[in-house]
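So you can see what is in the structure, the chains are spelled out below.
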Amino acid sequence: MEEKLKKILDEYEREEGNLIYLLQCLERDFGYIPEDAVNWFSKTLDVPPAKFYGLATFYAQFHLKPRGENIITVCCGTACHVKGSERLLSSLTKELQIPSGEDTSEDGKFTVEKVNCVGACSIAPVVIINKDIQGKMTADRLMKEIKRLK
Amino acid sequence: MKGKDIQIKVCMGTGGLAAGGETVLRAFRESLKEKGIDATVDRNCSIHQVGCRGFCARDVLVDVIIDGEKTTYQYIKPEMVPQIVEEHIIKGMPVEEWTVKDDYRQFHEKQVKVVLADCGEIDPEEIDSYIDRGGYEALRRALTEMTPEQIVNTIEASGLRGRGGAGFPTGLKWEYARKNPSEVKYIICNADEGDPGAFMDRSIIEGNPHSVIEGMIIGAYAIGAKKGYVYIRAEYPLAVKRLGIALEQARQRGFLGDDILGSGFSFDIKIKLGAGAFVCGEETALIASIEGKRGMPRAKPPFPVEKGLWGKPTVINNVETLANVPYIIRNGALWFAQYGTDKSKGTKVFALTGKVRNTGLIEVPMGITLREIIYEIGGGIEGDRRLKAVQTGGPSGGCIPAHLIDIPVDYENLTKVGSIVGSGGMVVMDETDCMVNIAKYFLEFTQAESCGKCVPCRIGTKRLLEILTRITEGRGRPGDIELLEVLSNDIKLGSLCGLGQTAPNPVLSTIKYFRDEYEAHIHEKRCPAGVCKNLLTYTILEEFCKGCTLCAKVCPAGAIVGERKQPHRIVQEICIKCGACFETCKFSAIKKG
């Protein structure tokens, strides 16, 4: 881990001391913001951990818990909303048995998240399955995709 | 230049890629190679990826241009490619059944393309393809023939106003910054397109990133900035990638860096990735975010043109605004001002989505009516249902009811009817959309995105949402509508930034035009559009049910019981009212009400 963190530190120093950039690197390399990493940087840079958490909880891009192997992102923009994204979301949480208030299935295989808008409104409703944007989604097709990943 | 005779252009915007643009492009390469035409080398035939041409619903769109004659194909899949190559490219006979029809022409007929003129024509990852169409000519002229003052005057004379939402005159903003004596100044391109239902900026950057960069360099020269930032959403990976490529290419050609085009002027641009906060579209919040802080707005004045990034004068322009600049410098202020209305000049790009037949990205002259947009460009409402309202301006805008669709679309007129032009989202809604639900949808959004700094926005939006939620769940109380109105007006007056000041707009405009729907929810516990789940029941009409079991199969809750070939029944206690059965039933045997 320390190797990775040192590398990020190098990048950070080139970026005019921007903590958001640092957190983005952590998110990119670890998939979330590990507590140990925050503590390491807090010591190394002499910045209180609260600064990091202040940012990490303000911006939607940062996660404090590890996420699932597969990330299913349901777009909930206006166009997707009027074309039934809500239903896609509820069938996903049901199929994957995601506990209420959580976003990751208990076996850690799937994370279901909402995104405000990916700007692909003309092919609404949109679901992103592991970075692959898929338009005009139906509950049926979505379930087939999920079965394929299981 | 190579590839003059036969050009194949494949749409590879986010829409095109989602429909399989990459596999289509590869299929063309392979198919041509098989026929002995090596498209990458051959002087006569070339394949290009291009950005969005607007009609994403028809993707993958492919242009085949032979000796200047263009044929456009729609809904292209890789397996269709060999036939196009065989019949059209080799034998010269277009495959008629796959080409676009009249509705495609109709979609484009009323549009006027300024900003989008080169989108869909050029390869966004190839700077030469922009230069070949006159790109960076405006920059050369600006740096070698014009003074900063002349540039500002040209932009002012063109009447260009900010395309990000508020519509502030761009020339005036530049003039304030130009006059500021500070040694250090910044220019920022705001590409944090956060409005749900809007994708103009994404498409412009994906389709023609150099137009934005060129506009930024001209702006920087005009105000005297040496450094610029593009603040862009991380949710737009393709746009980020193409912008990065474009910046690198511009640097190699000497359009960015030291002593640009020998003028002595130096300038460079850096990309800053947003981290997912809607409020960062607000200028002062955006600045805080670039500085590495929580993206919270501060009170204005001082405005960013006086005290912006790191306390220095900063101009912040939206993507579309900047993309207009090179075309204005190249063609002149009068050319630009010929489009539009008295106070709103030029064109505006809108993301036309929702329940219209033709969804996509459109560019129209200011002053066009909503009717022309919906019924001529958009081809009318899906399934010939009745138009109910058009939502413009995203969470800061409002719903314009069907009876007002003959008003001209410009800054003044949309504001007059309680909405805004905003960044350009335009979501069309029909009789099956519930206006209370839409208001609630936007409040869920603004409530979650409120940064929490000022009380009217933080607590006010929460209370609005609570009231709207209880109305849609059948727990509305008499007096709720009036309460919503009072609260909304207080939030508008008391909030610190644009987010809070506009957050109640969706509520106020739906109450203004669709008060009867609110009343039906509150007094009759009924959702006239049949959307609000708690006010709905699904029942099976025995006389129509054939017992095909399809509904029981699709029911995610297992709430439908019955024997094969016998009428089925919905167990109301288990039903989650998702409507899956209603949509699957082939015999119209399920009643919603």
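Cut-offs applied
- Residues numbered from 1 in each chain as written.
- Chains lettered and ligands numbered in written order.
- Predicted model: local features only at pLDDT ≥ 70, side-chain atom pairs only at ≥ 80, totals over all residues.
- Heavy atoms only, no water.
- Helix = DSSP H or I, 4+ residues; strand = E, 2+ residues; numbered from the N terminus.
- Rg over C-alpha atoms; globule rule 2.2 N^0.38 Å.
- Buried < 20%, exposed > 50% of the residue type's maximum accessible area, 1.4 Å probe, protein only.
- Areas by Shrake-Rupley, 256 points an atom, 1.4 Å probe, with all protein chains shown as cover.
- Lys, Arg positive; Asp, Glu negative; His and termini not counted.
- Charge placed at Lys NZ, Arg CZ, Asp CG, Glu CD.
- Contact = heavy atoms within 4.5 Å.
- Buried area = accessible area lost by both parts, 1.4 Å probe.
- Salt bridge = Lys/Arg side-chain N within 4 Å of Asp/Glu carboxyl O.
- Polar contact = N/O pair within 3.5 Å; in protein donor to acceptor, adjacent residues only side chain to side chain.
- Nonpolar A, V, L, I, M, F, W, Y, C, P; charged D, E, K, R; others polar.
- Domains from an automatic or database assignment.
- Phe/Tyr/Trp six-rings, centres within 6.5 Å; stacked < 30°, edge-to-face > 60°.
- Lys NZ or Arg CZ within 6 Å of the ring centre and 35° of its normal.
- Axes fitted to C-alpha atoms, helices over the stretch in contact; angles between N-to-C directions.
- Parallel < 35°, antiparallel > 145°, perpendicular 65-115°, else oblique.
- Left-handed = near helix turned anticlockwise from the far one by under 90°.

**Student:** How would you sum up the overall build of chain B? Please name residues and give values.
**Tutor:** Counting its secondary structure elements, chain B contains 23 helices and 17 strands. For 593 residues, the compact-globule estimate of 2.2 N^0.38 gives 25 Å, and the C-alpha radius of gyration of chain B, at 26 Å, lies within 12% of that figure. If you line up chain B on its principal axes, its C-alpha atoms span 80 × 65 × 40 Å. The buried share among the 593 residues of chain B stands at 60%. For chain B, the exposed surface amounts to about 22,800 Å²; the carbon and sulfur share of it is 51%. Each charge sign in chain B was given a centre, from 76 positive and 76 negative side chains, and these centres are 5 Å apart.

**Student:** Provide a residue-level description of the interface of chain A and chain B, including the pertinent values.
**Tutor:** Taken together, the contacts link 35 residues of chain A with 54 residues of chain B. Interface of chain A and chain B: buried area, both sides summed, is about 3,500 Å²; carbon and sulfur atoms make up 54% of it. When the area that chain A buries against chain B is broken down by residue, the three leading residues are Phe-58, Thr-78 and Ser-122 of chain A, summing to 18%. Between Glu-583 of chain B and Arg-87 of chain A there is a salt bridge, and its shortest N-O distance comes to 3.0 Å. Remark: the boundary between chain A and chain B carries 25 residue pairs in polar contact (both at pLDDT 80 or more). Of all the secondary-structure elements, those providing two or more residues to the side of chain A that touches chain B are helix H2 (19-30), helix H4 (49-58), helix H5 (78-82) and helix H6 (85-95) of chain A. Grouping the constituent residues of the side of chain A that touches chain B by class yields 17 nonpolar, 11 polar and seven charged.

**Student:** Give me the lowdown on the domain arrangement of chain A, citing residues and values where you can.
**Tutor:** When the domains of chain A are assigned, the result is domain 1 (2-58) and domain 2 (70-149). For domain 1 of chain A versus domain 2 of chain A, the distance between C-alpha centres works out to 29 Å.

**Student:** So, the pattern of salt bridges: which residues are in play, and what are the values?
**Tutor:** Residue and element names in this part refer to chain B. The final tally for this structure, using the stated rule, is 52 salt bridges over all chains. Notably, a salt bridge pairs Lys-70 with Glu-121, separated by 3.2 Å at the nearest N-O pair. Separated by 51 residues along the polypeptide, Lys-70 in strand E4 (residues 69-73) and Glu-121 in the loop between helix H4 (102-109) and helix H5 (127-131) bring together distant segments of the chain. Looking at Lys-70, the relative accessible area reads 43%, which means it is partly exposed. By relative accessible area, Glu-121 is classed as partly exposed at 22%.

**Student:** Kindly report on the packing of aromatic side chains, identifying the contributing residues and their values.
**Tutor:** Within this structure, the stated rule accounts for 16 aromatic pairs over all chains. Look at Trp-40 of chain A and Phe-41 of chain A: their rings are 5.0 Å apart centre to centre, the planes differ by 85°, and that puts the pair in the edge-to-face class. A residue is classified by how much of its surface remains accessible, and Phe-41 of chain A, at 0% relative accessible area, is buried. Among the aromatic residues, those joined into a ring-pair cluster are Phe-58, Tyr-59 and Phe-62 of chain A. Here the basic side chain of Lys-348 of chain B rests over the ring of Phe-350 of chain B, its NZ or CZ set 5.7 Å away from the ring centre. The cationic tip of Lys-592 of chain B hangs over the ring face of Phe-582 of chain B; the distance from NZ or CZ to the ring centre is 4.9 Å.

**Student:** So what's going on with unusual backbone geometry? Residues and values would help.
**Tutor:** A cis amide bond links Ala-124 of chain A with the next residue in sequence, Pro-125 of chain A, at an omega value of -5°. Looking at the element boundaries, Pro-125 of chain A is found in the loop between strand E2 (110-115) and strand E3 (127-129). Pro-301 of chain B follows Lys-300 of chain B through a cis peptide bond whose omega is -5°. Notably, Asp-384 of chain B is not glycine yet its phi reads approximately 50°, a positive angle. By the element assignment, Asp-384 of chain B lies in the loop between helix H15 (370-377) and strand E11 (387-392).

**Student:** Would you mind going over the packing of helix H17 (residues 435-449) of chain B against helix H21 (residues 505-523) of chain B in detail, with residue names and values included?
**Tutor:** Residue and element names in this part refer to chain B. Relative to each other, H17 and H21 sit at 135°, their axes nearing to 8 Å. Between H17 and H21, the interaxial angle falls into the category oblique. Viewed along their axes, H17 and H21 form a crossing whose handedness is left-handed. Between H17 and H21, the residues in contact are Met-435, Val-436, Ala-439, Phe-442 and Leu-443 and Pro-506, Val-507, Thr-510, Phe-514, Glu-517, Tyr-518 and His-521, respectively. Per-class residue counts for the contact of H17 with H21 are nine nonpolar, two polar and one charged.

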